[in-house]
Amino acid sequence: MNFWRRTLAIATKEVRQLRRDRFTAGMIVGLPVIQLMLFGYAINTDVRHLRAGVADEANTQLSRRLVDDAEASQVIDIVTRVDTPRALEELLRDGKIAVGIAIPRDFERRLALRDRAPAQLLIDGSDPAVSMAARGLANFPIAVRALSADPVSKSSFEPRAFYNPERRSAVQIVPALIGVILTMTMVLFTATAIVRERERGNLELLINTPVRTTELMLGKILPFVAIGMVQTTLILGIGRFVFDVPIVGNLFELYVAALVFVASALSLGLLFSTLVSTQMQAFQLTFMTFLPQILMSGFMFPFDGMPRPAQIFAEIMPLTHFVRLVRGLILRGASLADVKGELWPLMLFFAVTVTIAIKRFRKRLD
């Protein structure tokens, strides 16, 4: 009897502590509800509406019908039209399209012979989801009206995968894993930084020193920047020499992109450290933001397959932009100038989050 009485007393104490800890109590209900609504709405393995470009050198009624039929499948959305297949390859390299349709000048002759696919489907092989969906479109028999009056159903595209023709999973996954691992470690390191100082009683000492708030925040980040670059080097080395992942782009530009991403991830963790009061809360908040980044950044599930509101939300996340950056620099041989549209959002994210963290820390000191 005394055993159960003492056990119940401890359980009652824990419940009262949870009631006083409003942050944890809110996470108990808020975390599953938010995650379920967000992921159930956004994650879609049925890939649709991939950004596509067309180079129609034939420019005939049949070639235009082929493009219309391909777009009617809803697997692709035509976002641009160019003159040559070479221009399509440049768009693929820059990440502006995921699929390219190249129709040659002798399209109708090839269609009449029926011995080969009359058009090519250029595929960005650096993204596994895009590669799978595009190949499904290539194997889909699209009905076009041949030179005779009878419609001909056949596979109209010959798939041509760029950047990973062997379709090796390691080539597609390892580059993006750099961002995933850095997100998990960098955010967690700095999320516990200020909280750890408070729990150990060191924060009062820092307050009484001449160190300014900005100096304290940046001083917390700098050591972890070096750690992040070491982790980047380690992952790149393992990917290159163990998994044989090719590094096509400029290595220096890759490190510049990694440096900006590490800084943005650290600034997010620093902001978290000003929002929570215990290390357990820092862990909870880090985990709550890590899942959306890994699931909605395009690392595991196709970005183009998500609804537009979910895409807008995912654009706020640093990992979304770094996945595109690292795949472009490592696999597609793009330069920073080609993918600069993914670099400046990381810089903006860093500036905003660091500014908010500094303001909040000052407010808490007051």
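Everything numeric in this text was worked out from a predicted model, so none of it was measured.

J.: Explain the overall build of the chain here, please?
T.: When helices and strands are counted, the chain shows 15 helices and 7 strands. Relative to its full complement of 366 residues, the chain shows a buried share of 49%. Partitioning the intrachain contacts of the chain with sequence separation of at least 6 by distance along the chain shows that 76% fall at a separation of at least 24. Summing over all exposed atoms, the chain offers an accessible surface of approximately 18500 Å²; the carbon and sulfur share of this is 62%.

J.: I would appreciate a short explanation of helix 11 (residues 251-275) in the present structure.
T.: Across its 25 residues, helix 11 extends 37 Å between first and last C-alpha, which sits within 8% of the 36 Å expected from 1.5 Å per residue. Within helix 11, 18 of the 25 residues are buried, leaving the element largely enclosed by the surrounding structure. One side-chain oxygen of the residue at the start of helix 11 lies 2.8 Å from the amide nitrogen of F252, identifying that residue as N250.

J.: What am I meant to see in the packing of aromatic side chains here?
T.: The relative placement of two aromatic rings is captured by the distance of their centres and the angle of their planes. Taken as a whole and judged by the stated rule, the model has 3 aromatic pairs. A ring pair is formed by F162 and Y163, whose centres lie 5.8 Å apart and whose planes are at 50°; its orientation type is tilted. Take F162 and Y163: they sit in the same class, and that class is buried. Aromatic pair F261 and F322: ring centres 4.3 Å apart, planes at 15°, arrangement stacked. Placement of F261 in helix 11 and of F322 in helix 14 (residues 318-330) is noted, with a sequence separation of 61 residues between them. Considered together, F261 and F322 belong to a single accessibility category, that of buried residues. The lysine or arginine in question, R324, covers the ring of F303, its NZ or CZ lying 4.5 Å from the ring centre.

J.: For this particular structure, what's the right way to read the environment of F349?
T.: With respect to the element layout, F349 can be found in helix 15 (residues 340-365). With a relative accessible area of 16%, F349 lands in the buried category. Linking F349 and A263, residues 86 residues apart in sequence, is a C-alpha distance of 9.4 Å. When residues no more than four places from it in sequence are discounted, the contact partners of F349 are S264, S267, L268, I316 and P318.

J.: What exactly am I supposed to notice about the sheet that holds strand 7 (residues 157-162) here?
T.: What the 5 strands build is an open sheet, ordered 2-1-3-4-7; its pairing is mixed. Of all the strands in the sheet, the pair left with one neighbour each is strand 2 (76-82) and strand 7. Taking each pair of neighbouring strands and ignoring which way they run, the sheet shows an average axis angle of 25°. By the bridge criterion, 6 bridges tie strand 1 (residues 50-56) to strand 2 in an arrangement that is parallel. By the bridge assignment for strand 2, R51 is matched with D77. The sheet strands contacting helix 3 (residues 61-72) are strand 1, strand 2, strand 3 (99-103), strand 4 (119-124) and strand 7, and the helix crosses strand 2 at an angle near 145°. Packed onto the sheet, helix 4 (residues 85-93) meets strand 1, strand 2, strand 3, strand 4 and strand 7 and runs at close to 15° relative to strand 4.

J.: Where do I start with the packing of helix 11 against helix 14 in this structure?
T.: Helix-helix packing: each pair is described by the crossing angle between the helix axes and the interaxial distance. Where helix 11 contacts helix 14, the axes come no closer than 10 Å and their chain directions differ by 170°. The angle between helix 11 and helix 14 falls in the class roughly antiparallel. Residue-level contacts link E253, L254, A257, A258, F261 and S264 of helix 11 to P318, L319, F322, L325, V326, L329 and I330 of helix 14.

J.: Any chance you could explain unusual backbone geometry here in plain terms?
T.: Comment: phi is negative for the bulk of residues other than glycine, and the bulk of peptide bonds are trans. Backbone geometry at N59 places phi at a positive 55°, although glycine is not the residue there. Inspection of the secondary structure puts N59 in the loop between strand 1 and helix 3. For Q74, which is not glycine, the phi torsion reads 70° and is therefore positive. When you line up the elements, Q74 lands in the loop between helix 3 and strand 2.

J.: Looking at this structure, how should I read helix 14?
T.: One full turn of an α-helix is made of 3.6 residues, so residues set three or four places apart face in the same direction. Between the first and last C-alpha of helix 14 there are 18 Å, a value that for 13 residues agrees with the 18 Å anticipated at 1.5 Å per step. For helix 14, the buried fraction is high: 12 of the 13 residues fall into the buried class. For helix 14, the set of buried residues is P318, L319, T320, H321, F322, V323, L325, V326, R327, G328, L329 and I330.

J.: Where do I start with the nonpolar core in this structure?
T.: Nonpolar side chains in soluble globular proteins tend to end up buried together. If you look at the biggest cluster of nonpolar residues, it comprises 74 residues, and the most contacted ones within it are L88, I178, L266, M296, L325 and I330. Leave out the neighbours within four places in its chain, and I178 touches T232, I235, L236, F322, V326 and I330. Counting residues in each nonpolar core, the second largest holds 28 residues, with L50, L66, V67 and I101 among its members.

Definitions and cut-offs
Residues numbered from 1 in each chain as written. Predicted model: local features only at pLDDT ≥ 70, side-chain atom pairs only at ≥ 80, totals over all residues. Heavy atoms only, no water. Helix = DSSP H or I, 4+ residues; strand = E, 2+ residues; numbered from the N terminus. Buried < 20%, exposed > 50% of the residue type's maximum accessible area, 1.4 Å probe, protein only. Contact = heavy atoms within 4.5 Å. Areas by Shrake-Rupley, 256 points an atom, 1.4 Å probe, with all protein chains shown as cover. Expected span 1.5 Å × (residues − 1). Polar contact = N/O pair within 3.5 Å; in protein donor to acceptor, adjacent residues only side chain to side chain. Phe/Tyr/Trp six-rings, centres within 6.5 Å; stacked < 30°, edge-to-face > 60°. Lys NZ or Arg CZ within 6 Å of the ring centre and 35° of its normal. Pairing = 2+ DSSP bridges. Axes fitted to C-alpha atoms, helices over the stretch in contact; angles between N-to-C directions. Parallel < 35°, antiparallel > 145°, perpendicular 65-115°, else oblique. Core = buried A, V, L, I, M, F, W, Y, C linked by side-chain atoms within 4.5 Å.

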